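Single-letter residue listing:
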Amino acid sequence: MMTVKDEIAFMKEAVRLSIENVENGMGGPFGAVVVKAGKIIATGTNQVTATNDPTAHAEVVAIRKACEALNSFQLLGCDIYCSCEPCPMCLGAIYWARPDKIFFGNSKEDAARINFDDKFIYEELERPFTERKLFTKQMLREEALEAFTKWTKSTNKVEY
């Protein structure tokens, strides 16, 4: 059974990773840890600039490592500790990974104050795709639906 003391220790590790990442010049000030059964099974730091990968946020890196360690595409029974409130991409990844709980340190408002502002993404998600700032056009829907039809009928799919 996890205690508040355990939760604090795991959050401190996520924060430590975020500070270390800045000190080492490896990327943004973000760290994350994935915990299962009271043990850290994976860690991640922001590696966007180090890897030229805009999806290499700390949470996504930690999720990828945890899923590999568990040999699973889900984090059932796990908790994720993030040094900052997850951005929209990371929050989506966390929901898809299905951990039991999320804990975070800095808020999205704190992140915005140092120019990591995701407010525009939240606003864009609320707009119809035809009104978004990034040109978006739906094409070949009928052709694309074939994959969905095949998925629905498939007997060898893994539901998630």
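Above this text sits the structure in question.
Every chain is numbered on its own, with residues counted from 1 as its sequence reads. Whole-chain, interface and lining totals are the exception, using all residues; otherwise, since this is a predicted model, local features are given only for residues with pLDDT of at least 70 and side-chain atom pairs are given and counted only at 80 or more. The side-chain figures draw on all heavy atoms in the structure; neither hydrogens nor water molecules are used.

Colleague: So what's going on with the packing of helix α3 (residues 58–70) against helix α4 (residues 88–97)? Residues and values would help.
Modeller: Packed helices, taken two at a time, are described by their axes: the angle between them and the distance between them. Axis lines are fitted through C-alpha atoms, for helices just across the contact stretch, and the angle between N-to-C directions can take any value from 0 to 180 degrees. What counts as a helix is a DSSP run of H or I of at least four residues, what counts as a strand is a run of E of at least two, and both are numbered from the N terminus. Packing of α3 against α4 leaves a shortest axis separation of 9 Å and a crossing angle of 25°. When the axis of α3 is compared with that of α4, the two are roughly parallel. The two elements α3 and α4 meet at a crossing, and its hand is left-handed. In this structure, α3 contributes E59, V60 and I63 to the contact, and α4 contributes M89, C90, A93, I94 and A97. The labels follow the angle: roughly parallel below 35 degrees, roughly antiparallel above 145, roughly perpendicular from 65 to 115, and oblique for the rest. For any pair of crossing helices, the crossing counts as left-handed if the nearer helix is rotated counterclockwise from the farther one by less than a right angle, and right-handed if it is rotated clockwise. In what follows, residue pairs with any heavy atoms lying within 4.5 Å of each other are defined as contacts.

Colleague: So what's going on with the side chain of E59? Which residues, and what values?
Modeller: Mapped onto the elements, E59 comes out in helix α3. When near neighbours in sequence (up to four residues on either side) are disregarded, E59 contacts A32, I80, C82, C84, P86, C90 and I94.

Colleague: Account for the environment of R98, naming residues and giving values.
Modeller: Assignment of secondary structure puts R98 in the loop between α4 and β4 (101–106). Accessibility expressed as a relative area gives 27% for R98, which makes it partly exposed. Note: C-alpha distance between R98 and L75 (23 residues apart in sequence) is 5.5 Å. Ignoring sequence-local partners within four residues, the contact set of R98 consists of Q74, L75, L76 and Y160. Summary of the burial criterion: residues with accessible area below 20% of their type's maximum are buried, those above 50% are exposed, and those between are partly exposed, where the area comes from a 1.4 Å probe applied to protein chains only.

Colleague: Tell me about the packing of aromatic side chains, and please be specific about residues and values.
Modeller: To pair, rings of Phe, Tyr and Trp, with the six-membered ring standing in for Trp, must have centres within 6.5 Å; the planes then decide the type, stacked if under 30 degrees apart, edge-to-face if over 60, and tilted in the middle. Inspection of every chain in the model, using the stated rule, returns three aromatic pairs. Between F10 and Y81, the aromatic rings sit 5.5 Å apart at their centres with planes inclined by 50°, giving tilted as the arrangement. Here the residue F10 occupies a position in helix α1 (residues 4–23), and Y81 occupies one in strand β3 (residues 78–84), the gap between them amounting to 71 residues. Just as F10 is buried, Y81 falls in that class too. Taking 4.9 Å as the distance between ring centres and 85° as the angle between the ring planes, the aromatic pair formed by F30 and F116 counts as edge-to-face. Highlighted residues: F30 in the loop between α1 and β1 (31–36) and F116 in the loop between α5 (108–113) and α6 (119–126), separated in sequence by 86 residues. Given a relative accessible area of 35%, F116 falls into the partly exposed group. Three or more aromatic residues link up through ring pairs in this structure, and these residues are F10, Y81 and F103. Sitting over the ring of Y122, K108 keeps its end group 4.6 Å from the ring centre. We call a charge positioned above a ring when the Lys NZ or Arg CZ atom is no farther than 6 Å from the ring centre and deviates by at most 35 degrees from the ring normal.

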